[in-house]
Amino acid sequence: MINFGFSINRARTIDLDRNNLRKSNEIIGEMPELQACIGCGSCTASCTAGNLTEFNFRKVHTLVRRGEYQGAYEEMNKCMLCGKCRLVCPRGINTRGIVMLIKRKLGDF
Amino acid sequence: MKHVIVIGGGVAGMQCASELLRQNIAVTIVEKQQCIGGKIRNWHKLFPSFTPADEVLAAMQQKLTTHNNLTIRTGCEATCITPQKVTLSSGEELRCDATVIATGFTLFDATVKEEYGYGIYDNVITSAELEQMFNEKNVHLKQGGEPKRIAILHCVGSRDEKVCQRHCSKVCCVTGVKQAIELKKMFPTADVFNFYMDMRMFGPGYEEMYREAQTSHNIHFVRGRISEVSPTFNNRLQIKAEDTLTGRPLKMGVDMLVLLVGMKANAHNTTLAKDCNLTLQPSGFMQPKDSFLGNVASNVEGVFYAGAITAPKNIGESINEGTAAARGVVEWLEKR
């Protein structure tokens, strides 16, 4: 291929018309409490893995809910299941359960 | 017998009038529209209890019907207000012993935010219009059929310097959640997305309703303001926003867009303030005498405020202010 000296970036836009929301709906259907997230960031602030790596639980589950599954499984693998996020979540979300659920549903992504 | 003029026959004005009548004071309600009731006449159900608005209205009107000392002047506006005299738009002058201003607010005109396409695209509607549709039990798309995906945009004409509305209209967040639940109940298979800046669930039961919307009704909440709306080839609406919680732009097609229009100060307030020596806030709403000890008093002795004339308020708060203003009037009349 001829190298023209430039490349084209992939669009960063989350396109809810193109994204397949089937897995996302399954995840929310199994644990509807995930929708109660108010984005406070307590989980990420207390996260052991997040202190050492780029792992951001809040961001990853929000992306998954929007149908952005790429890399979510690998991200969730960074979680050490220490459960501190579950202790601090003001909405009482079983965050560790969410990690396990997302890993189970998105293992093939 | 003492005589008090209440300007505005909405919930605050009606409550104030009925409290004054109970104290054996003659009341004249001056109402701009052809009948009293105010904005609540157009609402369907009230948050967070889903109480039918007409139940509240009927109960309030009931309290007024049995009184002989009440005069209702509809279809006229007050141009000049002093404690002793109210001048009507017809030039007629009414004498009195005190006045209560309860003229409420104006709904923000959504056409001003042209980027949202209100008045340009068929299925962009305001929250007030949606209430009307609920009342008529007829929520549908302009071209017919049911919406499969609905977006609700918060803060239209609120917290927006670009349209000179810096204040928060307070009740739109709750209304947005309430309407989302009602839409979801009406169209269970539809997806409903609320685009919000902050969720301000200030009242009792509001936060609980928000949580119920999230977990029991699967309503999606995206933090970010819709930047623009454009039509698609298949007659849907394409909306763009930033999903600020993931830090990425987001776009999607929707069948219907509901704009939660805010509360704007009446344009009339400016002239009223100038002609009657009343103090105005930078937001255009009237300035009460004191935020703690004089919420329903104005800077002019004998002129009182009740309801959304001083700031956006919900219906319960407006009714309470009606009572408080009546109490203030009675105290003032006793002093003289």
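Remember, it's a predicted structure, so these values are computed and weren't measured experimentally.

Peer 1: Is there a simple way to explain the overall build of chain B in this structure?
Peer 2: When helices and strands are tallied, chain B shows seven helices and 20 strands. Against the 2.2 N^0.38 benchmark of 20 Å for 336 residues, chain B shows a C-alpha radius of gyration of 21 Å, consistent with a compact globule. Here the C-alpha coordinates of chain B stretch approximately 65 × 40 × 35 Å along the principal axes. For chain B, buried positions account for 46% of its 336 residues. If you take every contact in chain B between residues at least 6 apart in sequence, the share linking residues at least 24 apart comes to 64%.

Peer 1: Would you take a moment to explain the environment of Lys78 of chain A for this structure?
Peer 2: Residue and element names in this part refer to chain A. Turning to its location among the elements, Lys78 is positioned in the loop between α5 (72-76) and α6 (84-88). Taking C-alpha positions, Lys78 is 9.1 Å from Glu54, a pair spaced 24 residues apart along the chain. Those residues in contact with Lys78 that lie beyond four places of it in its chain are Ala49, Thr53 and Phe55.

Peer 1: For this particular structure, what's the right way to read the domain arrangement of chain B?
Peer 2: By a frequent convention, interface size equals the accessible area lost on bringing the separate parts together. All names here are of chain B. The domain architecture assigned to chain B consists of domain 1 (3-105 + 265-335) and domain 2 (110-263). Averaged C-alpha coordinates put domain 1 and domain 2 at centres separated by 31 Å. On the domain 2 side, the residues contacting the twelve residues of domain 1 number 18 residues. Residues belonging to the side of domain 1 that touches domain 2 are distributed by class as follows: six nonpolar, five polar and one charged.

Peer 1: I keep staring at the interface of chain A and chain B and nothing clicks. Help me out?
Peer 2: With 16 residues of chain A in contact, the opposing surface of chain B contributes 14 residues. Of all the secondary structure elements, the ones that give two or more residues to the side of chain A that touches chain B are β1 (14-15) and α4 (57-65) of chain A. It is α4 of chain A that contributes the most residues to the side of chain A that touches chain B, three residues altogether. Residue composition of the side of chain A that touches chain B, grouped by class: six nonpolar, four polar and six charged. Two elements, β1 of chain A and strand β17 (residues 248-254) of chain B, share two bridges in a ladder whose sense is parallel. The residue of β17 of chain B that forms the bridge with Ile14 of chain A is Leu250 of chain B.

Peer 1: Sorry, what's going on with unusual backbone geometry here?
Peer 2: Trans peptide bonds make up the majority, and among non-glycine residues the majority have a negative phi. Residue and element names in this part refer to chain B. Here the amide bond leading from Phe47 into Pro48 is cis, since omega sits at -10 degrees, within 30 degrees of zero. Summarising the element assignment, Pro48 is placed in the loop between β3 (45-46) and β4 (51-52). Located in the positive-phi region is Cys164, a residue other than glycine, with phi close to 60 degrees. Here Cys164 lies in the loop between β12 (149-156) and α4 (172-186). Judged by the 12 C-beta atoms lying within 10 Å of it, Cys164 is exposed. The residue Asn235 is not glycine, and still its phi comes out positive at about 65 degrees.

Calculation criteria
- Residues numbered from 1 in each chain as written.
- Chains lettered and ligands numbered in written order.
- Predicted model: local features only at pLDDT ≥ 70, side-chain atom pairs only at ≥ 80, totals over all residues.
- Helix = DSSP H or I, 4+ residues; strand = E, 2+ residues; numbered from the N terminus.
- Rg over C-alpha atoms; globule rule 2.2 N^0.38 Å.
- Buried ≥ 20, exposed ≤ 12 C-beta atoms within 10 Å, placed from the backbone.
- Contact = placed C-beta atoms within 7 Å.
- Domains from an automatic or database assignment.
- Nonpolar A, V, L, I, M, F, W, Y, C, P; charged D, E, K, R; others polar.
- Pairing = 2+ DSSP bridges.

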